[in-house]
Amino acid sequence: MNATEVEQRLTAIFSTILGLPADAVLPQLSPETCPKWDSLNQIHLINSIEEEFGIQLEFEDQMRMLSFGVALEIVSASLAAA
Amino acid sequence: MAEQDLSALILDPARQTAARAKLRDTVDAAPRTLTYKHWLAQLPAAQNRTALAVLSSLTTETLEPFLQLEGYLSGWRPQTTYVQYSSWQNALLVGQELERSEQAPAAVVVLLHDTELLGPACTGATAAEALAHLESLIGAFRQRAATPLFMGLVQPPLHAAGLSLGEALGKGRAWQRAEFARGVVQLCERFADMHLLPLGLSDQGQGSTEWFDAKGFLSTQSVLAHKALPAVARCIARYVACLLRPRRKVLVLDMDNTLWGGVVGEDGVHGLAVGQDYPGAAFVDFQRTALALRDSGVLLAAASKNNEADVMAVFAQRPEMLLKPEHFSALRVNWQDKASNIASMAEQLGLGLDSFVFADDSPIECALVREALPQVEVVELPKDIARYSEQLLRTQAFDVLKLTEEDRQRAGSYAAEAGRQQLRAEVTDLASFLAGCNLRLSIQAVTAQSLDRVHQLMGKTNQFNFTLARPSKEDLLAELQRAAGGGLYSATLSDRFGDYGLIGFVQLQAEARHLHISNLALSCRALGRGVEDALLAFARELAQAHGCTQLRVASVRGPRNQQVLAYLDGAGFERLADNERGVLFAMSLGDAVLPWPAHVNVEKQTALT
């Protein structure tokens, strides 16, 4: 999976879980800028990332995944390590 | 089915049965968070929502998107209140958490974490103590509300639940939790409208604990792994749905490649696969499933494009067939389209098309029925014949929380009724029909055993019901114990075609020189058979034996029981008093009045109880 593909799939996850159009999923998207990104949807985001990419996120990564940009960084690193 | 076609189907209010079946398949092909979230966004706006409360010491809110979609797939839309952590016990005890929501819940689900109630291993509660505590919580809830309760057990793996000291030390943790689980089952039997949810969330000791999220449990009390959420939500949605819609009553089966492998018209009776060896065994298994549904009250029917003689030869010459012609309440073996055949069977059985499920291996036949009769639920059998039973039972159409005696007898009573209809068609007048039925009526004092059925009858009978009183079971029991100079009697009817069961009730009260029929009700299934005449003759005979000279009947006017007044006029009663509420009838007794009907063979009580 190349970097563009990862970004596209992650965008689709955020767009579906948070109910946003794909072009609204920008690196700075965060719980502060998006009211639907609450603690429950944080869990659904983590679950979906794990299901769709077949990876396990570390607890620390789950806690600091508070913007789309950071999420992309975490997923890319996790895929590279796998 | 392409995604946009399914999206369009979901939005078509007339095609919801098909939409749910297709969406079910789509979701099951990839039961993941994203799938659920994706389709949830496409559902039509809910017309109305059913309030549900989910109580647990654990985090359960994560179920929400799954429960929403599974609710839709089960034909209802939930409005869920999650009461989590320590408040769940309070919600049962005092209920503030439940009353805070706008709508009182239609059902309460408790996801019971056994370790919470059992406490620490060694120093915690015994199973008996934990159960006593649970019973007090449910008892308190039941005093306030009759809301159906669903109990699901969550039993994390032993390493998370404390030590298992083993049986050697006696009553170790494994023993305690098995005992606790058994106790919960018993509580479900003791309390009214309390049901067990088979969530499968237990440590089986042999591995299958994929549902358990150790990290989630320790960090957020979120014990359910995300993989487990769809199945848990599905179980809840499916069980609650039983409260909200009637069960479908008829299963229409195809025959070729459904009940047997092969096509009888081409392969011949002896070329068909049905029997002990695979692939024949798969068809026998499917027949066993159909028979089990029949035993639970589902009527079986068949629609097959074949020559009738060929099909009858299969029944006659293949003893491996578990299904016999007499198991079918309706049969259409002809070359007409199946939709017309299903419609004509609906007419024959006197049931609506929304009571029907149709199962066929042919995608074309399935599509035709789906198109022509959108009310019918269609089960398309898979290519893999070993999965036929599984596919049939995936439909929720036959789900039921509790089987009644009526369910168990339904198929038999439809068969008896078909026999009666045939006799009625063969003879020209009613008298010969009745004489040909060999009716047997038994009139006996009501007992503790027959009280339940009498209570049901009084609650359901609207047409031939003298007072329309709806006594509670406790009222009837009190009457039974009080009855002096009178009594409560039940009537049970059978004929040569089968049993009608307990179909009549009469209450008598002697007052000086007259005997009062204080109440009388007769099930509409038994009307017009002379049973009503027999019940009056019974009252007349007891009145005379008791030295009464007059029989009195009070009849209340109701929306659907007008025939009672006409019947009593016709029987020769005089109207003593008549107003808008009802009529008081009387008749002086002599030998000639109210005779026993000649065609009913009566066995009876001979004195007032």
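Residues numbered from 1 in each chain as written. Chains lettered and ligands numbered in written order. Predicted model: local features only at pLDDT ≥ 70, side-chain atom pairs only at ≥ 80, totals over all residues. Heavy atoms only, no water.

A. Main features of the overall build of chain B. What chain B contains, in helices and strands, is 24 helices and 19 strands. C-alpha atoms of chain B, sized along the principal axes, occupy 85 × 70 × 55 Å. Counting every position in chain B, which comprises 609 residues, the buried fraction comes to 52%. Summed over its atoms, the accessible surface of chain B is roughly 27,100 Å², and 51% of this surface lies on carbon and sulfur atoms. Put simply, chain B has 57 plus and 67 minus side-chain charges, and the middle of one group is 3 Å from the middle of the other. (Helix = DSSP H or I, 4+ residues; strand = E, 2+ residues; numbered from the N terminus. Buried < 20%, exposed > 50% of the residue type's maximum accessible area, 1.4 Å probe, protein only. Areas by Shrake-Rupley, 256 points an atom, 1.4 Å probe, with all protein chains shown as cover. Lys, Arg positive; Asp, Glu negative; His and termini not counted. Charge placed at Lys NZ, Arg CZ, Asp CG, Glu CD.)

B. Molecular detail of the side chain of Ser 48 of chain A. Relative to the helices and strands, Ser 48 of chain A resides in helix 2 (residues 39–53). With residues near it in sequence (within four places) discarded, Ser 48 of chain A still touches Ile 13 and Ile 17 of chain A together with Thr 33 and Leu 34 of chain B. (Contact = heavy atoms within 4.5 Å.)

C. Structural view of the sheet that holds strand 6 (residues 250–253) of chain B. Residues and elements named next belong to chain B. Sheet architecture is open: 5 strands sit in the order 8-7-6-9-10, paired in parallel fashion. Bordering the open sheet on either side are strand 8 (328–334) and strand 10 (377–380), each of which pairs with just one other strand. Geometrically, the sheet is characterised by an average inter-axis angle of 20° between neighbouring strands, direction not taken into account. Across 4 bridges, the pairing between strand 6 and strand 9 (residues 356–360) is parallel. Bridge pairing links Leu 251 to Val 357 in strand 9. (Pairing = 2+ DSSP bridges. Axes fitted to C-alpha atoms, helices over the stretch in contact; angles between N-to-C directions.)

D. Main features of unusual backbone geometry. Residues and elements named next belong to chain B. Across the junction of Tyr 278 and Pro 279, the peptide omega takes the value 5°, indicating a cis bond. In this fold, Pro 279 is placed in the loop between helix 13 (264–267) and helix 14 (280–295). Despite not being glycine, Tyr 85 shows a phi value in the positive range, around 60°. Along the polypeptide, Tyr 85 turns up in the loop between strand 2 (78–84) and helix 5 (87–93). For Tyr 85, a relative accessible area of 37% puts it in the partly exposed group.

E. Summary view of the interface of chain A and chain B. Residue-level contacts link 16 residues of chain A with 13 residues of chain B. Of the roughly 1,300 Å² buried where chain A meets chain B, counting both sides, 62% is carbon and sulfur surface. Here Glu 52 of chain A and Arg 32 of chain B are joined by a salt bridge, their closest N and O atoms 2.8 Å apart. The interface formed by chain A and chain B includes 7 residue pairs in polar contact (both at pLDDT 80 or more). Secondary-structure elements contributing two or more residues to the side of chain A that touches chain B are helix 1 (3–18), helix 2 and helix 3 (59–64) of chain A. Its residues assigned to classes, the side of chain A that touches chain B shows 6 nonpolar, 6 polar and 4 charged. (Buried area = accessible area lost by both parts, 1.4 Å probe. Salt bridge = Lys/Arg side-chain N within 4 Å of Asp/Glu carboxyl O. Polar contact = N/O pair within 3.5 Å; in protein donor to acceptor, adjacent residues only side chain to side chain. Nonpolar A, V, L, I, M, F, W, Y, C, P; charged D, E, K, R; others polar.)

F. The side chain of Arg 394 of chain B, seen in detail. Residue and element names in this part refer to chain B. Mapped onto the secondary structure, Arg 394 falls in helix 18 (residues 388–394). Here Arg 394 falls in the buried class, since its relative accessible area comes to 19%. For Arg 394, the contacting residues outside a window of four places in its chain are Arg 24, Asp 25, Asp 28, Arg 234 and Arg 238.

G. Region of interest: the packing of aromatic side chains. For the structure on display, the rule yields 12 aromatic pairs over all chains. Members of the aromatic cluster, each reached through a chain of ring pairs, are Phe 14, Trp 37 and Phe 68 of chain A. The ring of Tyr 72 of chain B is capped by Arg 20 of chain B, whose NZ or CZ atom sits 5.7 Å from the centre of that ring. (Phe/Tyr/Trp six-rings, centres within 6.5 Å; stacked < 30°, edge-to-face > 60°. Lys NZ or Arg CZ within 6 Å of the ring centre and 35° of its normal.)

H. Highlighting the packing of helix 3 (residues 33–40) of chain B against helix 4 (residues 64–73) of chain B. All names here are of chain B. With their axes 9 Å apart at the nearest point, helix 3 and helix 4 run at an angle of 55° to one another. Comparing the axis directions of helix 3 and helix 4 gives the class oblique. Crossing of helix 3 over helix 4 shows left-handed handedness. Side by side, helix 3 and helix 4 meet where Thr 33, Tyr 36, Lys 37, Trp 39 and Leu 40 of the first sit next to Pro 65, Phe 66, Gln 68, Leu 69 and Glu 70 of the second. (Parallel < 35°, antiparallel > 145°, perpendicular 65-115°, else oblique. Left-handed = near helix turned anticlockwise from the far one by under 90°.)

I. The arrangement of the environment of Glu 210 of chain B in detail. All names here are of chain B. Tracing the sequence through the fold places Glu 210 in the loop between strand 5 (194–202) and helix 11 (214–220). Classification of Glu 210 by relative accessible area gives exposed; the value is 59%. Not counting residues up to four positions away in its chain, the partners in contact with Glu 210 are Ala 225 and Lys 227.

J. Up close: the nonpolar core. All names here are of chain B. Formed by 45 residues in total, the largest nonpolar core has its most connected members in Leu 441, Ile 503, Leu 508, Ile 517, Leu 551, Leu 568 and Phe 573. Counting residues per element, this core draws most heavily on helix 23 (residues 531–545), at 8 residues. Not counting residues within four places of it along the chain, the set of residues in contact with Ile 517 comprises Phe 466, Val 506, Gln 507, Leu 508, Leu 536, Ala 539, Leu 551, Arg 552, Val 553 and Ala 554. Ala 18, Leu 67, Val 109 and Ala 237 belong to the second-largest nonpolar core, a separate cluster that totals 43 residues. (Core = buried A, V, L, I, M, F, W, Y, C linked by side-chain atoms within 4.5 Å.)

K. View of the sheet that holds strand 3 (residues 107–113) of chain B. All names here are of chain B. Here we have 5 strands laid out as an open sheet, ordered 2-1-3-4-5, and parallel in their pairing. The strands lining the two open edges of the sheet, one partner per strand, are strand 2 and strand 5. Taking the axes of each pair of neighbouring strands and ignoring which way they run, one obtains an average angle of 20° across the sheet. Together, strand 3, strand 4 (149–155) and strand 5 form the strand contacts of helix 8 (residues 127–144), whose direction differs from that of strand 4 by roughly 160°. Relative to the sheet, helix 12 (residues 229–244) contacts strand 1 (50–56), strand 3, strand 4 and strand 5, its axis offset from that of strand 5 by approximately 165°.

L. The arrangement of the pairing of strand 16 (residues 550–556) of chain B in detail. All names here are of chain B. The pairing of strand 15 (residues 514–522) with strand 16 spans 4 bridges and is parallel. Considered in strand 16, the bridge of Leu 515 is made with Leu 551. With respect to chirality, the unit in which strand 15 leads through helix 23 into the neighbouring parallel strand 16 is right-handed. Both strand 16 and strand 18 (residues 582–588) contribute to a ladder of 7 bridges, which runs antiparallel. Residue pairing in the sheet places Val 556 in a bridge with Gly 582 of strand 18. (Right-handed = clockwise from strand over helix to strand, strands pointing away.)

M. Fine view of the confidence of the model for chain B. Residues at a pLDDT of 70 or more form 96% of chain B, whose mean pLDDT is 90. Interface predicted TM-score (ipTM) for the complex: 0.93; the corresponding pTM is 0.79. (pLDDT = per-residue confidence, 0-100.)

N. Just helix 4 (residues 68–81) of chain A, in detail. Residue and element names in this part refer to chain A. Compared with an ideal rise of 1.5 Å per residue, which puts 14 residues at 20 Å, helix 4 spans 20 Å between its outermost C-alpha atoms and is within 8% of the ideal. Residues Phe 68, Ala 71, Leu 72, Ile 74, Val 75 and Ser 78 constitute the buried set of helix 4. When helix 4 is viewed along its axis, its buried side chains cluster within an angular range of 165° and face the same direction. Facing away from the buried side of helix 4 by more than 90 degrees, the exposed set consists of Ala 80 and Ala 81. In this fold, the buried residues of helix 4 make contact with helix 1, helix 2 and helix 3. (Expected span 1.5 Å × (residues − 1). Arc of directions from axis to C-beta.)

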